[in-house]
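Overview (structure and organization)
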Amino acid sequence: MHAFQNDDDDEIPLSKFESMLKTNSVYFFDSTEFEEIIIHYMNVGKMSLAKKALDLGLRQHPDSVALKLAYVEVLLYEDKINKAEQLLMELEEIDPLNDQVFLHKASLLSKKDKHKEAIVALNQALLYTEDEGDVYSMIGMEYLYLEDFDTARLHFAKCLEVEFDDYSALYNVIYCFDMLDQHEEAIDYLVDYINKDPYSEIAWHQLGRQYFMINNFVEALKAFDYSILIDEYFIGAYLEKAKTLEELKRYEEAIANYQLTINLEDGSSFTYLRIANCYEKMGEVKKALKYYNITVKEDPLLDKGWLALTDLYIKNKNYQKALYFINKALLIDDSNSVYWLRYAEINLKLNFFEEAIRGFQKCLDLEDYALGIFIALTDVLHFIGEFKDAIDVLLKAREFYNDFAEIEYRLAGLYILSQQEVLGLELLEKALKLDYDYHYIIKELYPSVFELEDVKILVAIS
């Protein structure tokens, strides 16, 4: 049996508790100290220690409502919903004016996706709490779960009425405006906020973002400049300013701002990618290439870096290198139809028809049903003489694109080439009615078909 010690030394509760565990002794803590210890261990993810502290705490203070509420938190963490619910019902009877009981009840209801009921519990908590701002924030989050962004915004705004510099609440207010595409309203709100606190770099930064979203880049730039004037180390503002300068085609200034962020902290792959992109737009290919290479060296798993290198080499008609880099991107993300499309297009340029077909087919397998993909795949299959497969692709395309001349002319040509002349001529007649001017495609893709007398007559009389 362990010795019971009433230790009156000056050790902080956590050190004292850990010392107790090491020595196998049992010390006395008041319930508030147990709360601090349990919360600490839960916050750092040491649940087994939190549960040890809770167990000892409830043995020493079996009637402590605070410790029983901590027990509810542990139960919720472990998804023991029913047990937590039962304990909360008991606590509500014991202490019906305790805001924490209702806050925990709201957490439980939210976990059960009963967000409207959680809001009711939170409104009850509001009657007894001293931390109105936190409760308004929790209500706002519940409305976010319900996708009621307007009501959520009003509650986050109430947080700011309680605590004006609660930037988490400010971000949430703006997030709600964003979700409602109410950028003008967000601007009005932020201007009003700035009038009350003109030295809020966060508010200026958010104002800049809103102007950026409505393509008012001049005002966005001014807002970011104010944000930087207030906090010269605000990396987010420099990045947004640089993006805005890009939109204004002021690439050298954009690069300078990106470089500033690198000086303030180690450069990120995103920053190097943007710098490379600016150099490419300025026509400085060597510098662009240098920074694209830094990008992928900094983060080899950043597929956008490999894609940017791919596109740069495509522009310069170096398809072998482009193929090398698109394969790098595909190694990272082979479920991206954009990458497979590039892969197909590059292989087509290199006359690797089987690989091009594979690329286009992958796009369709990934449910990218763009008309251009169906058409490109059809044309390659036709080129290598796979008429039946080409027809099958077009029939699939028809499921998504009804009465499209691009499809009907090709079907007509392919059916005629496949010795199904009657069906082919019917489809040609239909295609001519859909878009007569597009009939040149028959001459271009199927010259032998275009020379047939029946085809010439149909084209002439349409």
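Please refer to the structure placed before this passage.
Notes on the structure follow. Bear in mind that the values here come from a model prediction, so they are computed numbers and not experimental data.

**Quick look at the overall build of the protein**
Within the protein one finds 28 helices and two strands. For a compact globule of 462 residues, the expected C-alpha radius of gyration is about 23 Å, and the protein comes in at 33 Å, more than 25% above that figure. For the protein, the C-alpha atoms occupy an extent of roughly 105 × 50 × 45 Å along the three principal directions. Across the 462 residues in the protein, those meeting the buried criterion constitute 47%. Relative to all contacts within the protein whose residues are 6 or more apart in sequence, the contacts with residues 24 or more apart total 46%. Split by element, the accessible area of the protein, about 24,600 Å² in all, is 50% carbon and sulfur. Positive and negative charge centroids in the protein, built from 46 and 85 side chains respectively, lie 7 Å apart.

**Quick notes on the packing of aromatic side chains**
For the structure on display, the rule yields 19 aromatic pairs. Their ring planes at 75 degrees and their centres at 5.2 Å tell us that Tyr401 and Phe404 sit as a pair that is edge-to-face. Three or more aromatic residues link up through ring pairs in this structure, and these residues are Tyr369, Phe374, Phe400, Tyr401 and Phe404.

**Description of helix α28 (residues 453-461)**
Among all positions of α28, only Val455, Leu458 and Val459 are buried. End-on view of α28: buried residues confined to an arc of 95 degrees, all on one side of the axis. Of the exposed residues in α28, those oriented more than 90 degrees away from the buried face are Glu453, Ala460 and Ile461. Buried residues in α28 make contact with α24 (405-417), α25 (421-434) and α27 (447-450).

**What about the pattern of salt bridges?**
Scanning the model with the defined rule gives 21 salt bridges in all. Note that Arg209 is salt-bridged to Asp178, the shortest N-O span being 3.6 Å. Here Arg209, found in helix α12 (residues 201-213), pairs with Asp178, found in helix α10 (residues 167-179); they are 31 residues apart in sequence, far enough to count as distant. The exposure classification of Arg209 matches that of Asp178, with both residues buried. Salt bridges sharing common partners tie together Arg398, Asp403, Glu408 and Lys430.

**A few points about unusual backbone geometry**
Its identity is not glycine, yet Glu147 carries a phi of approximately 60 degrees, on the positive side. With respect to the helices and strands, Glu147 occurs in the loop between α8 (132-145) and α9 (149-162). In this structure, Lys249 takes a positive phi of about 65 degrees despite not being glycine. Note on placement: Lys249 falls in the loop between α14 (235-247) and α15 (251-264).

**Quick word on the layout of surface pockets**
The method is simple in principle: a probe with the dimensions of a water molecule rolls over the atoms, and the space it marks as empty is what remains. Its volume calculated, the largest pocket comes out at about 220 Å³. Along the walls of the largest pocket sit eleven residues, with Met20, Leu21, Val26, Leu56 and Arg59 positioned nearest its centre. Elements that contribute at least two residues to the lining of the largest pocket include exactly α1 (13-23) and α3 (47-60). With four residues, the single largest contributor to the lining of the largest pocket is α3. By residue class, the composition of the lining of the largest pocket is five nonpolar, three polar and three charged. As a volume, the second largest pocket reaches approximately 160 Å³. The set of elements that each furnish at least two residues to the lining of the second largest pocket consists of α2 (31-43), α4 (65-77) and α6 (99-111). In terms of residue class, the lining of the second largest pocket is made up of seven nonpolar, three polar and two charged.

About the thresholds
- Residue indices begin from 1 for each chain and proceed along its sequence in written order.
- Totals for whole chains, interfaces and linings use every residue, but because this is a predicted model, local features are given only for residues with pLDDT of at least 70 and side-chain atom pairs only at 80 or more, for both listing and counting.
- The side-chain quantities take in all heavy atoms of the structure and omit both hydrogens and water.
- Every helix listed is a DSSP run of H or I at least four residues long, and every strand listed is a run of E at least two residues long, numbered separately from the N terminus.
- For the radius of gyration, the atoms used are the C-alpha atoms, and the globule rule reads 2.2 Å times the number of residues raised to 0.38.
- Residue burial is assigned from relative accessible area. The probe radius is 1.4 Å, only protein chains are included, and a residue is buried under 20% of its type maximum, exposed over 50%, and partly exposed in between.
- When checking whether two residues touch, look at their non-hydrogen atoms; a contact exists if any pair is within 4.5 Å.
- Working definition of accessibility: Shrake-Rupley area with a 1.4 Å probe, residue cover restricted to the visible protein chains.
- When charges are counted, Lys and Arg contribute as positive and Asp and Glu as negative, whereas His and the chain ends are disregarded.
- By convention, the charge on Lys lies at NZ, on Arg at CZ, on Asp at CG and on Glu at CD.
- The aromatic pairing rule takes the rings of Phe, Tyr and Trp, using the six-membered ring of Trp, and pairs them if the centres are within 6.5 Å, calling planes under 30 degrees apart stacked, those over 60 edge-to-face and the rest tilted.
- An arc is given here, and it is the one of the directions from the helix axis to the C-beta atoms.
- One side-chain nitrogen of Lys or Arg within 4 Å of one carboxyl oxygen of Asp or Glu is enough to make a salt bridge.
- Only protein atoms enter the 1 Å grid, on which a cavity is a set of points fitting a 1.4 Å probe that cannot get out and a pocket is an open set with protein on both sides within 12 Å along at least 5 of 7 lines, lining residues being those with an atom within 4 Å of a point.
- Grid points are joined across faces, edges and corners, and a volume is the space filled by probe spheres set on the points.
- Any residue outside Ala, Val, Leu, Ile, Met, Phe, Trp, Tyr, Cys, Pro, Asp, Glu, Lys and Arg is labelled polar, Gly included; the first ten of those are nonpolar and the last four are charged.

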